[in-house]
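Architecture and fold: a report
Now for the letters of each chain:
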Amino acid sequence: MKFLVCISNVPDTTTKITFTPDNKEFNKAGVQFVINPWDEYALTRAIELKEAAGSGTVTVLNVGEADTEPNIRKALAIGADDAIRVNAAPQDAYFVAEQIAAVAKEGAYDVILMGKESIDYNGFQVHGMVGEMLGIPTVAPAMKLDLSGNTATLEREIEGGKEIVTVNTPFVASCQQPMCEPRIPNMRGIMTARTKPLKVVPAVGEPARTTVAEFALPPKKQGVKLIDAENAGELIKLLRNEAKVI
């Protein structure tokens, strides 16, 4: 079984977000980048399934420039067998999906996994686009994944409950908790990751189809206004005219 696990390079959740002076790009200066936490569920589960089967390979794929390689090496230290980096900035969801689909098609992977979304843009788009481009099923977001031969059983979250589905390989799935407990690389994994192959390939297809007009931080929180319990009319007035929620 050949697994392709797609990982994103995202700012650490404690990072203070700033933008370039023209507000068109994220300011990377001084920012600590990590593997997208949702992608870690996909990576760990792929490794677990490979280990349970006693055979197979787990390939990590990242669409990014050279500065993403430390986190690619971390994924290799966690247990992936090899890695591919598409040498291009991840400009929009369609562009990223196009790169993933091209690599997946060339490598003839059985299972393509990724997190349900990246924590920087929260787009929840790439997995569906990849499945459509490859003409294979997509299951999202998956909370459980088990394999029996070429048949997978997945549990996915739906409105008001859960749904259990089965699908034959090849397929795409986006992952979330509680699929597994993400692994932390140990010293042996860190040492072996240095010698595992990391292939760099050029981007394919057209440039990004969207451009950023402007980034903006959310407005600062305003002070709290306290209204006497007896003054319900004033509360209703503020909710209607200032908060605009009624």
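Just so we're clear, the structure is a prediction, and the values are computed from it rather than from any experiment.

A separate point is the sheet that holds strand 8 (residues 151–158). The strand order 9-8-7-10-6-1-4-5-11 describes an open sheet built from 9 strands, whose pairing is mixed. The open sheet has two edge strands with one neighbour each: strand 9 (161–168) and strand 11 (198–201). If you compare each strand with its neighbour and ignore which way they point, the axes differ by 30 degrees on average. As paired strands, strand 8 and strand 9 are joined by 8 bridges and run antiparallel to one another. Within strand 9, the position partnered with Leu154 by the bridge is Val165.

Quick look at the environment of Val58 now. Relative to the elements of secondary structure, Val58 occurs in strand 4 (residues 57–64). Overall, the relative accessible area of 0% leaves Val58 in the buried class. With 17 residues separating them in the primary sequence, Val58 and Ala75 have C-alpha atoms 10 Å apart. Apart from residues lying up to four places away in sequence, Val58 is in contact with Phe3, Val5, Leu43, Ala46, Ile47, Lys50, Ala80, Asp81 and Asp82.

One way to put it is that helix 3 (residues 93–107) packs onto helix 4 (residues 126–134) with a least axis distance of 9 Å and a crossing angle of 45 degrees. Our classification of the angle between helix 3 and helix 4 gives oblique. Of the two possible hands of crossing, helix 3 and helix 4 adopt the one that is right-handed. On helix 4, the residues touching Ala93, Tyr94, Val96, Ala97, Glu98, Ile100, Ala101, Ala104 and Lys105 of helix 3 are Val126, Met129, Val130, Met133 and Leu134.

The final tally for this structure, using the stated rule, is 4 aromatic pairs. Between the aromatic rings of Phe26 and Phe33, the centroid separation amounts to 6.3 Å while the plane-to-plane angle is 90 degrees, which identifies the pairing as edge-to-face. On the accessibility criterion, Phe26 (22% relative accessible area) is partly exposed. Joined through ring pairs, the aromatic side chains of Phe19, Tyr121 and Phe215 make up one cluster. The aromatic ring of Tyr109 is capped on one face by Lys2, whose charged end is 4.8 Å from the ring centroid. Residue placement shows Lys116 over the ring face of Trp38; its charged tip is 4.5 Å from the ring centre.

Conventions we followed
- Residues numbered from 1 in each chain as written.
- Predicted model: local features only at pLDDT ≥ 70, side-chain atom pairs only at ≥ 80, totals over all residues.
- Heavy atoms only, no water.
- Pairing = 2+ DSSP bridges.
- Helix = DSSP H or I, 4+ residues; strand = E, 2+ residues; numbered from the N terminus.
- Axes fitted to C-alpha atoms, helices over the stretch in contact; angles between N-to-C directions.
- Buried < 20%, exposed > 50% of the residue type's maximum accessible area, 1.4 Å probe, protein only.
- Contact = heavy atoms within 4.5 Å.
- Parallel < 35°, antiparallel > 145°, perpendicular 65-115°, else oblique.
- Left-handed = near helix turned anticlockwise from the far one by under 90°.
- Phe/Tyr/Trp six-rings, centres within 6.5 Å; stacked < 30°, edge-to-face > 60°.
- Lys NZ or Arg CZ within 6 Å of the ring centre and 35° of its normal.

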